[in-house]
Amino acid sequence: MVFDSSRRVVITGIGLLCSVGNTTGAVWQALLAGKSGVDRIAAFDPTGFACQIAAEVRNFDPLQFIEKKEVKKMARFIHFALAATEEAIKMSGLQITPENAEAVGVHIGSGIGGFDIIEREHAALKEGGPRKISPFFIPAAIINLAAGQVSMRFGAKGPNEATATACTTSAHSIGDSMRIIQHGDADVMIAGGSEATITPLGVGGFAAMRALSTRNDEPARASRPWDKDRDGFVIGEGAGILILEELEHARRRGAPILAELVGYGMSSDAYHMTQPAPEHEGGFRVMRNALRDAKLDPSDVGYLNAHGTSTPLGDTLEAHAIRNLFGTRVPVSSTKSMTGHLLGGAGGLEAGITVLALRDQILPPTINLENQDPETNGMDFVPNQARKVEFEYAMSNSFGFGGTNGALLFRRWTE
């Protein structure tokens, strides 16, 4: 089948897992309450590290989702992907059978993959030599095995892909999945991302770049997008998985339709390894491209879930790009103020949050916004409290190292 943009794509299931909750419902309620998931690192002893805080998933038992003998064959990011997918499929009511398996695909990425397994196996090598390396090391750690394990677990025999575009990974996974459905290569896509890099090497590496907040004495107040006292992002972990489905396919099976995905934009800064281009012109173009894909005007958008990582330069430049395209009319919030930054999993988590905001007509807040950066004056960042509004379209932004950008545009579902 040739590409057909008239094949409309809807969201029928969401699975979210992060520091503020281990289910979609728990995550959503925590965000609306303005709850921070940031605390002192528990996964390892952070004494001596410049950054000693993170947004960890807590009280997560992979044995609830994976057989005991299989758990050690998978990195933590794969555990998260399987758990979030199970919830998303359950919400959607999707039944994958031999008759429809080839029409169901998987597109789940990760920015980094199995750091925990890499560190574990490197320690085994140093302590006991090469014979101590597990035969499961490589398939446990490589990025595409989240998608691979999901496809095997649930029997999805359609397209199977994994994107690794840094912090834009999940947005690209979801947007590319929309295109796969429009092209007719699948009727359903399980799409999103997962990340678990709260390890000594992960935290130490980002800290060495001076990218992380060092507000170690006030963890819950450390992630503070657009606040003038922000000092870096807080690393988080978790997963966000959406079930994307061709509209008529969803209707035929009576699926719950949560929102419609109407636009997808991509761009590259072509500027710097880690810094956005001046005025974040790449971010401006990616949002414009998503609007163009949806055949909408900036005035149509009623909410924007920003990349908003709490870094001094990144927040300011994203705000400039938003203002250059939308003016100061559109409300903008960063849920990373509560969840931390999930890196490659961020776009999946935040796409799910954006869909829930549309469904419930309520905007999650940006917490810890006490003294708004004067360079962003006039902009509405939904400070500190959720807000009931009426809106039809919402956008979710993701930007990654290497200047890779993605934007997703959703429409409130009404028959």
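In this report, the structure presented in the accompanying data block is examined.

The rules behind these values
Throughout, residues of each chain are indexed from 1 in the direction in which the sequence is written. Residues qualify for local features only when their pLDDT is at least 70, as the model is predicted, and side-chain atom pairs are given and counted only at 80 or more; totals for whole chains, interfaces and linings, by contrast, use all residues. By convention in this description, side-chain values take in all heavy atoms of the structure and omit both hydrogens and water. The numbering of helices and of strands both runs from the N terminus, where a helix is a DSSP run of H or I of at least 4 residues and a strand a run of E of at least 2. The globule rule used for comparison is 2.2 Å times the number of residues to the exponent 0.38, while the radius of gyration itself is calculated over C-alpha atoms. Only protein chains enter the area calculation, which uses a 1.4 Å probe; residues under 20% of their type maximum are buried, those over 50% are exposed, and those in between are partly exposed. In what follows, a contact means two residues having at least one pair of non-hydrogen atoms within 4.5 Å. The charge count treats Lys and Arg as positive and Asp and Glu as negative. His and the chain ends do not count. Charge placement uses NZ in Lys and CZ in Arg. For Asp and Glu, CG and CD serve respectively. When DSSP finds two or more bridges between two strands, those strands count as paired. Orientation is described by axes fitted as lines to C-alpha atoms, over the contacting stretch for helices, and by angles from 0 to 180 degrees between their N-to-C directions. Among the buried residues, those of types Ala, Val, Leu, Ile, Met, Phe, Trp, Tyr and Cys that are joined through side-chain atoms within 4.5 Å form a nonpolar core. Within this document, salt bridges are pairs made up of a side-chain nitrogen of Lys or Arg and a carboxyl oxygen of Asp or Glu, the two lying within 4 Å of each other. By arc we mean the arc of the directions from the helix axis to the C-beta atoms, nothing more. Stacked, edge-to-face and tilted are the three classes for Phe, Tyr and Trp ring pairs, Trp counted by its six-membered ring, which pair at centre distances within 6.5 Å; planes under 30 degrees apart are stacked, over 60 edge-to-face, the rest tilted. Expected span of a helix: the number of residues minus one, times 1.5 Å. Polar here means any residue other than Ala, Val, Leu, Ile, Met, Phe, Trp, Tyr, Cys and Pro, which are nonpolar, and Asp, Glu, Lys and Arg, which are charged; Gly is therefore polar.

### Remarks on the overall build of the protein
Tallying secondary structure elements over the protein gives 13 helices and 14 strands in all. For 415 residues, the compact-globule estimate of 2.2 N^0.38 gives 22 Å, and the protein sits close to it at 20 Å. With respect to the principal axes defined by its C-alpha atoms, the protein has extents near 60 × 55 × 40 Å. Taken across its 415 residues, the protein has 60% of its residues classed as buried. Nonlocal contacts in the protein, meaning residues at least 24 apart in sequence, comprise 78% of its contacts between residues at least 6 apart. Taking the average location of the 39 positive side-chain charges in the protein and that of its 47 negative ones, the two points are 3 Å from each other.

### Some points on the sheet that holds strand 9 (residues 301-305)
One open sheet holds the 10 strands; their spatial order is 5-4-6-7-1-8-14-13-9-10, and the pairing between them is mixed. At either margin of the open sheet sits one strand with a lone partner, and together these are strand 5 (160-161) and strand 10 (332-333). Strands strand 1 (9-17), strand 4 (104-109), strand 6 (188-195) and strand 7 (238-246) of the sheet are contacted by helix 3 (residues 76-92), whose axis makes an angle of about 135° with strand 1.

### A few points about the nonpolar core
By size, the foremost hydrophobic cluster in this structure holds 43 residues, and its most contacted members are I11, L244 and F410. When neighbours within four sequence positions are excluded, F410 is seen to be in contact with I11, L242, E260, L261, V262, A351, T354, V355, L358, E392, Y393 and A394. Ranked by size, the runner-up nonpolar core spans 35 residues in total, among them A81, A88, I108 and I243.

### Some words on the pattern of salt bridges
Scanning all chains against the criterion turns up 23 salt bridges. One salt bridge connects E237 with R76, and the closest N-O pair in it is separated by 2.9 Å. You can see E237 sitting in the loop between helix 8 (200-208) and strand 7 and its partner R76 sitting in helix 3, a full 161 residues away along the chain. With its nearest N and O atoms 3.1 Å apart, the salt bridge here joins R215 to E218. The partly exposed category is assigned to E218, whose relative accessible area is 28%. Look at the salt bridges and you will find they share partners, linking R215, E218, R221, R224, D227 and E370 into a network.

### A few points about the pairing of strand 9
Judged by how many residues are buried, strand 9 sits mostly within the fold: 5 of 5 residues are covered. Relative to strand 13 (residues 393-400), strand 9 is paired through 4 bridges, and the arrangement is parallel. Bridged to V301 within strand 13 is Y393. Here strand 9 pairs with strand 10 via 2 bridges, running parallel.

### A few points about helix 1 (residues 24-32)
All buried positions along helix 1 are accounted for by T24, V27, W28, A30 and L31. Seen along its axis, helix 1 keeps its buried residues to an arc of 165°; they face one direction. Those residues of helix 1 that are buried lie in contact with strand 1, helix 3, helix 12 (336-339), helix 13 (346-360) and strand 11 (362-363). Directly beyond the C-terminal end of helix 1, a positive phi value near 70° is found at G34.

### Digging into the packing of aromatic side chains
Here a ring pair, both rings aromatic, is described through the centre-centre distance and the interplanar angle of the planes. Per the stated rule, a full pass over the model turns up 7 aromatic pairs. An angle of 75° between the planes, with centres 5.5 Å apart, marks the rings of F206 and F233 as edge-to-face. Of this pair, F206 sits in helix 8 while F233 sits in the loop between helix 8 and strand 7, placing them 27 residues apart in sequence. Looking at F206, the relative accessible area reads 11%, which means it is buried.

### Overview of the pairing of strand 6
The two faces of the sheet receive side chains in turn, since in a regular strand these alternate between them. With respect to burial, strand 6 is a largely interior element, 8 of its 8 residues being buried. Alternating positions in strand 6 separate into two faces, V188, I190, G192 and S194 on one and M189, A191, G193 and E195 on the other, with burial throughout. Summarising the sheet, strand 4 and strand 6 pair through 6 bridges and their orientation is parallel. The residue of strand 6 that forms the bridge with V104 is V188.

### Points about helix 13
In a regular helix each residue adds 1.5 Å, so 15 residues correspond to 21 Å; helix 13 covers 21 Å between its end C-alpha atoms and thus fits that length. The element helix 13 is largely enclosed, with a buried count of 13 among its 15 residues.

### What to know about the packing of helix 7 (residues 169-183) against helix 13
Contact geometry for helix 7 and helix 13: axes closest at 5 Å, N-to-C directions at 60°. Between helix 7 and helix 13, the contacting residues are S170, A171 and I174 on the first element and A346, G347, G348 and A351 on the second. Residues belonging to the contact of helix 7 with helix 13 are distributed by class as follows: 4 nonpolar, 3 polar and no charged.

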